[in-house]
Amino acid sequence: MNEGLLFPPLPHRIESRAPAAARDVSLQQFVRHATVTKDTGRVDACRAAFGERYDDLRQHAGAIKSHTLDHLDLYLERFEAAATRAGATVHWAADAHAANRICLDIAGRINAKVCVKSKSMATEETRLLPALEAAGIKTVETDLGEFIVQLDGDAPSHIVTPMIHKNRASVARAFVRDLGSRYTEDPGELTMIAREHMRRLFERADLGISGGNFLIADTGTLVICTNEGNADLTVSLPPVHIAVVGIEKLIPSMEHLPVFLKLLARSATAQPLTIYTTCISGPRRTATPVAGPDADGPRELHIILLDNGRTELLREPTRELLRCIRCGACLNACPVYKAVGGGHAYGSVYSGPIGATITPHLRGLHNYPDLATASSLCGACFHACPVHIDLPAQFIALREEAARSHLNPAPERAAMKLWRWIMQSPARYRFAAGLARFVLSRLDGVDLPLPGPLGAWTSCRASPRPGEIDFRAWWGERSQMGGRPADSAARAGTGARYE
Ligand code: SF4
């Protein structure tokens, strides 16, 4: 994997990668087409299934997660006790290093040579795959998108759709180059090539690794949702399985699960349910896999509960970020994610609005000083989020923190000071507004971009043209005519309304 894309030299600025991505026409097309299709599908699926009740449902889901996070200590202990009773081994990992150490110790004890892995953001976070490879364990991503990203030495660009930035031709080229297959762009044939290759690895694997979508505290159950069935093979074929799961994935009991399953699938891929939804409570119940209830599955099941900065996020006002179920809907809805050509510009494992708000907390605001500017504050992410996370409020809080810590650029700070000084006096405001009208009227027709520091802003924007009459003059004139401005605006047929 191209580690540098997700773990760049720090501090990382999104503006260092965004311009090149914005100029890459085919990248823009792939990402725009995929995200618009998914976002439209999500809206249609939620409207068809929930209608007017959709907002109530996502608030309900958010409330379940908030309740769990408010009592996380209790539910974590309850989960550990139930999972242990079911025969699983629960491990606690304070950080990425500890999680990888536990995995390597288990792999070493069983003398693992081949590991099959299903898609997991938690293991991307801990950089588990390179750690396994460095220990001499051949590790293969079994999610088709992740597998192609691995073959290409690339990095995932989306939480749910890792190869959103690639097309069929690049998959075909990767298969010819690395698997020796014939060139085809037929999706069915490409899938069969990958399937044939992976089945052989599943048969040989002595270790399986996955993440988890939910953990059920009452029953100690691990829930994995996929569309390809690769996670089920990863869990059930190798004799030993390890699931690396963030501590925020807990929900109290099985009765809460349907709420999240309904929302997760529709928000991620516009499906009523993911094709495979697997609930795993403990390892197999017999010494050897035979037919019968609870008789298949791994001999050993290890669940690693990963903190890696999450308990810090439990502080207000960031606690709601831990409600995230990683559906990717906010990425698909976000105009900035599209404009920067997908996730690589963010320089972090998590991209889009959730990545831009969670990464500065997990890896330091000083390391990602401008990530919170990667939002137009249009609110599309908030409306897309199935667990009702107020992402725009999180962006604003981060910007405030960056400004307080003087992490925003000095010219921006100077401009803001000047703006505040102007806004504190009507006379200064009048003068500044008149000056701006004068300058803009002179700029009309000037070939942009402007030189110097204004170049980046003006290179992709047209110079605004001032109106025929300015607002203050219009307001004064209407007021003199008598009546409220709203009435006069209506009489004048402008359609303007003032509340
Ligand atoms: S923040 Fe909300 S919309 Fe974004 S990935 Fe998380 S759950 Fe999905």
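Residues numbered from 1 in each chain as written. Predicted model: local features only at pLDDT ≥ 70, side-chain atom pairs only at ≥ 80, totals over all residues. Heavy atoms only, no water.

Caption draft 1: How the structure looks around the side chain of Asp 307. Within the secondary structure, Asp 307 is located in the loop between β10 (300-306) and α14 (310-313). Buried charge without a partner: Asp 307 forms no salt bridge, and the closest opposite charge is Arg 310, 6.0 Å away. A distance of 2.8 Å separates polar atoms of two side chains, one belonging to Asp 307 and the other to Thr 311. Those residues in contact with Asp 307 that sit more than four places away from it in its chain are Ala 93, Ala 94 and Ile 247. (Helix = DSSP H or I, 4+ residues; strand = E, 2+ residues; numbered from the N terminus. Buried < 20%, exposed > 50% of the residue type's maximum accessible area, 1.4 Å probe, protein only. Lys, Arg positive; Asp, Glu negative; His and termini not counted. Salt bridge = Lys/Arg side-chain N within 4 Å of Asp/Glu carboxyl O. Polar contact = N/O pair within 3.5 Å; in protein donor to acceptor, adjacent residues only side chain to side chain. Contact = heavy atoms within 4.5 Å.)

Caption draft 2: Structural context of the sheet that holds strand β5 (residues 214-216). Strands sit in the order β8-β5-β6-β9 across an open sheet of four strands; the sheet is mixed. Each of the sheet's edge strands pairs with one partner strand only, and the pair in question is β8 (250-251) and β9 (276-280). As paired elements, β5 and strand β6 (residues 221-226) share three bridges and run antiparallel to each other. Residue Leu 215 lies in a different strand from β6, and its bridge partner there is Leu 222. (Pairing = 2+ DSSP bridges.)

Caption draft 3: Region of interest: the pairing of strand β4 (residues 207-210). Of the two faces of β4, the one lined by Leu 207 and Ile 209 and the one lined by Gly 208 and Ser 210 are each fully buried. Inspection of the sheet shows strand β2 (residues 114-117) paired to β4 by three bridges, in the parallel sense. Looking at the pairing, Lys 117 lines up with Ile 209 of β4. Two strands pair when backbone bridges link them, and β4 and strand β7 (residues 240-246) are joined in this way by four bridges, in the parallel orientation. Bridging from a neighbouring strand, Ile 209 pairs with Ile 242 of β7.

Caption draft 4: Structural context of the pattern of salt bridges. The full count for this structure, using the stated rule, is 21 salt bridges. One salt bridge connects Asp 154 with Lys 166, and the closest N-O pair in it is separated by 2.9 Å. With Asp 154 in the loop between α9 (144-151) and α10 (168-179) and Lys 166 in the loop between α9 and α10, the pair connects residues that are twelve residues apart, well separated along the chain. Across the pair, Lys 166 and Asp 154 agree in class, each one buried. Between Glu 248 and Arg 326 there is a salt bridge whose closest N-O contact spans 3.3 Å.

Caption draft 5: The arrangement of the site of the ligand in detail. Surveying the vicinity of the ligand reveals 13 residues, the closest of which are Cys 324, Cys 327, Gly 328, Cys 330 and Cys 385. Applying the majority rule of atoms within 2 Å of the grid points places the ligand in the second largest cavity. Classifying every residue of the shell around the ligand by side-chain character gives eleven nonpolar, one polar and one charged. (Near = heavy atom within 4 Å. 1 Å grid on protein atoms, 1.4 Å probe; cavity = no way out; pocket = protein on both sides within 12 Å on 5 of 7 lines; lining within 4 Å. Sits in = over half its atoms within 2 Å of the grid points. Nonpolar A, V, L, I, M, F, W, Y, C, P; charged D, E, K, R; others polar.)

Caption draft 6: Quick peek at unusual backbone geometry. For the peptide bond that leads from Leu 10 to Pro 11, omega is 0°, which places it in the cis range. Looking at the element boundaries, Pro 11 is found in the loop between α1 (3-6) and α2 (18-23). Cis geometry marks the peptide bond from Glu 316 to Pro 317, where omega comes out at 5°. By the secondary structure assignment, Pro 317 is in the loop between α14 and α15 (329-333). If you check the backbone angles, Asn 308 has positive phi at about 50° while not being a glycine.

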